[in-house]
Amino acid sequence: MSSVRAELVYSDPPYGERPYVFSYDRSAAEVAASDKKEQTNCKLVGVEVDVFNARATACTLDEHGFTMTLHTPSLTGMEFYDSDKVREVYYPEVEQLVKDTFGCGAVVAMHHAVRNQDLVGRKAEVKPYGIGIHNDVSSEFAKQTFAQFAPRMGQGFSKGRFVMVNVWRSIGSTPIQNHHLAMCDQRSLVSPDDFVLTDFHIRGMAFEVYRLRSNNAHLHKWYYYPQMKPDEVILFKQWDSDPTKQARICMHTAFEDPTAASDAPPRESIEVRCVCYFPDHTPNTCPDVAVSDDKIANAVETAFGAVKMLSVWPKAAHWWVKISLWRGAKGVKSVASALAQDKQGRMGFKDLSAEEKDQLTEQLIEQGLEDVLREHLPPTHLPITTLVRPLLLFGLGIAAAMLYPALTSSLASA
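Residues numbered from 1 in each chain as written. Predicted model: local features only at pLDDT ≥ 70, side-chain atom pairs only at ≥ 80, totals over all residues. Heavy atoms only, no water.

**Digging into the overall build of the chain**
Next, step 1: Looking only at helices and strands, one finds nine helices and 15 strands in the chain.
Next, step 2: Its C-alpha atoms give the chain principal-axis dimensions of about 90 × 60 × 50 Å.
Next, step 3: With 414 residues in all, the chain has 50% of them scored as buried.
Next, step 4: Look at the contacts in the chain between residues 6 or more apart in sequence, and 79% of them connect residues 24 or more apart. (Helix = DSSP H or I, 4+ residues; strand = E, 2+ residues; numbered from the N terminus. Buried < 20%, exposed > 50% of the residue type's maximum accessible area, 1.4 Å probe, protein only. Contact = heavy atoms within 4.5 Å.)

As structure tokens, then:
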């Protein structure tokens, strides 16, 4: 099939207001306390477009904004639902794939998302499909992200060029049949008219993204890769600091395929967002970021940057932080120590000596780790079933303990 006719969701901004969208359902109390009463103040516009089969076109990162390549991961199936295993095993593979593809000096995998609509709300950390055309970062948010990671990378990677890229693949046992990923050929966009700078709210924080206005939808050219299998991977740009590139971002969205069978299995996919560094690129296109020669000072900045992204940590980590804060000074020290140990190696602290890790722990506490944790910890709610079950079992245990002497006494006299 050369193309499929499908509806994509555009976002037309409100007049005289800053566009916003909430990615989660807020409670009535949260809505009442906010001046933003709607899920989004943008007008969501469904537009029917042709989405072309990208397998018939040699799409490239620097021209179209996306490409597809072959890559066989070590993990399979349900292993991708294990966040720890993904970080320990899959992240290094993704970093090497991106490094080989771009030819860059270094790559850091920041975070990931697993999507499966059937498991949303039933399995922790699984997210719904991203319906609605968007690019996950704006120019300003990309620069903020670069600044956050610069201390970790050191002075050698604070100049040149940086690219934020998503690595997207199917993880299901069958090829993807519905809710494919559609990507726009960035050469077909009308810039800057089409871009809608939008505040995207997740629990605990908000950041800028780009959404797409519908006015020029008839000019936009869309592509997808049908029947994607786990050994195929899409790479698409979120931001490229090099202003000479034709494609610097990639507007994208999930979409419902009207030709898909009604009993098609749910799409299962994983995406990993990475930052690529090109320190030898000239001229310099990176924002000016002061990077210290002090190893501990850089580590402190890196750790605080990670804590400021607490809202995207796994929910289990939210509870760990909350319980640690309940414990007071000892709990805060346990968080500081865990950050310094960096057992998964995601912050670059593994090469620090034991003495340097102790210094880092002390500096995090002295420089206000507790306040930063409290500021960025999102609301945590236990499902009622999680509370009721242990309480019920506890109550039954108490009842059994009270009844046991009487029961054994009556049996003995029978």
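**Regarding the packing of aromatic side chains**
Next, step 1: Evaluation of the coordinates by the stated rule reveals 14 aromatic pairs.
Next, step 2: Measuring from centroid to centroid gives 5.8 Å for Y20 and F22, while their planes differ by 75°, and the two rings are edge-to-face. Residue Y20 shares its accessibility class with F22, and that shared class is buried.
Next, step 3: Centre to centre, the rings of Y224 and F255 are 5.6 Å apart; their planes meet at 85°, and the pair counts as edge-to-face. With a gap of 31 residues between them, Y224 in strand 12 (residues 222–224) and F255 in strand 14 (residues 252–255) connect regions that are remote in the sequence.
Next, step 4: Overall, Y224 belongs to the buried group, its relative accessible area being 3%.
Next, step 5: Ring-pair connections join several aromatic residues into one group, and the members of that group are F52, F66, Y223 and Y225.
Next, step 6: Above the plane of the ring of F22 lies R26, whose end atom (NZ or CZ) is 3.7 Å from the centre.
Next, step 7: Of note, R161 hangs over the ring of F278, and the distance from its end group to the ring centre comes to 4.4 Å. (Phe/Tyr/Trp six-rings, centres within 6.5 Å; stacked < 30°, edge-to-face > 60°. Lys NZ or Arg CZ within 6 Å of the ring centre and 35° of its normal.)

**Points about the pattern of salt bridges**
Next, step 1: Using the criterion set out here, one finds 21 salt bridges in the structure.
Next, step 2: The shortest N-O distance in the salt bridge between K237 and D62 comes to 2.7 Å. Separated by 175 residues along the polypeptide, K237 in strand 13 (residues 232–240) and D62 in the loop between strand 3 (43–53) and strand 4 (66–70) bring together distant segments of the chain.
Next, step 3: Note that D240 is salt-bridged to R161, the shortest N-O span being 2.7 Å. Taken as a pair, D240 in strand 13 and R161 in strand 8 (residues 161–170) lie far apart in primary sequence, 79 residues in all. Neither residue differs from the other here; D240 and R161 are each classed as buried. (Salt bridge = Lys/Arg side-chain N within 4 Å of Asp/Glu carboxyl O.)

**Brief notes about helix 2 (residues 83–102)**
Next, step 1: The largest bend along helix 2 reaches roughly 40° and is located at Y90, with the proline P92 sitting one to four residues downstream.
Next, step 2: All of the buried residues along helix 2 are S83, V86, R87, Y90, Y91, E93, V94, E95, L97, V98 and F102.
Next, step 3: Lining the buried residues of helix 2 we find strand 4, strand 5 (106–115), strand 8, strand 13 and strand 15 (269–278).
Next, step 4: Regarding helix 2, its N-cap is D82, as a side-chain oxygen of that residue lies 3.2 Å from the backbone nitrogen of D84 further along.
Next, step 5: Phi turns positive, to about 70°, at G103, one or two residues after helix 2. (Bend = angle between axes of the 7 residues up to and from the residue. Polar contact = N/O pair within 3.5 Å; in protein donor to acceptor, adjacent residues only side chain to side chain.)

**Comments concerning the nonpolar core**
Next, step 1: Counting residues in each nonpolar core, the largest one holds 44 residues, and the members touching the most others are V51, W222 and M251.
Next, step 2: The element best represented in this core is helix 3 (residues 139–153), accounting for six residues.
Next, step 3: In this structure, V51 is in contact with S2, S3, V4, A6, A182, W222, Y223, Y224 and F255, ignoring residues within four places of it in sequence. (Core = buried A, V, L, I, M, F, W, Y, C linked by side-chain atoms within 4.5 Å.)

**A word on the side chain of E271**
Next, step 1: Looking at the secondary structure, you find E271 in strand 15.
Next, step 2: With relative accessibility at 12%, the residue E271 sits in the buried group.
Next, step 3: A polar side-chain atom of E271 sits 3.0 Å from a polar atom in the side chain of R115.
Next, step 4: Residues in contact with E271, not counting those within four places in the same chain, are H111, H112, A113, R115, N166, V167 and W168.

**Some words on the confidence of the model for the chain**
Detailed reading of the predicted coordinates is not advisable wherever pLDDT is low.
Next, step 1: Looking at the chain, pLDDT values average 89 and 91% of them are 70 or higher.
Next, step 2: Here residues 383–392 is a poorly scored stretch, pLDDT under 50, and it has two contacts once near neighbours within four places are set aside; other chains count.
Next, step 3: Note that pLDDT drops below 50 for residues 398–414; the model gives that stretch zero contacts with residues more than four away or on any other chain. (pLDDT = per-residue confidence, 0-100.)

**Considering the sheet that holds strand 8**
Sheets are built from strands that pair by backbone hydrogen bonding, the pairs being arranged parallel or antiparallel.
Next, step 1: Pairing is mixed in the open sheet, where six strands are placed in the order 4-13-8-15-5-6. Each edge of the open sheet carries a strand with a single partner, namely strand 4 and strand 6 (126–127).
Next, step 2: Here nine bridges tie strand 5 to strand 15, and the two strands are oriented antiparallel to one another. Bridging across to strand 15, A106 finds its partner in Y277.
Next, step 3: Along the sheet, helix 2 makes contact with strand 4, strand 5, strand 8, strand 13 and strand 15, crossing strand 5 at roughly 130°.
Next, step 4: Together, strand 5, strand 8, strand 13 and strand 15 form the strand contacts of helix 3, whose direction differs from that of strand 5 by roughly 125°. (Pairing = 2+ DSSP bridges. Axes fitted to C-alpha atoms, helices over the stretch in contact; angles between N-to-C directions.)

**A closer look at the pairing of strand 3**
On a regular strand, each side chain points to the face opposite its neighbour's, so the side chains alternate between the two faces of the sheet.
Next, step 1: Relative to strand 3, strand 1 (residues 3–12) runs antiparallel, the two sharing ten bridges. The partner of V4 across the bridge, within strand 3, is V51.
Next, step 2: Across three bridges, strand 3 lies against strand 12 in parallel orientation. Bridge pairing links F52 to Y223 in strand 12.

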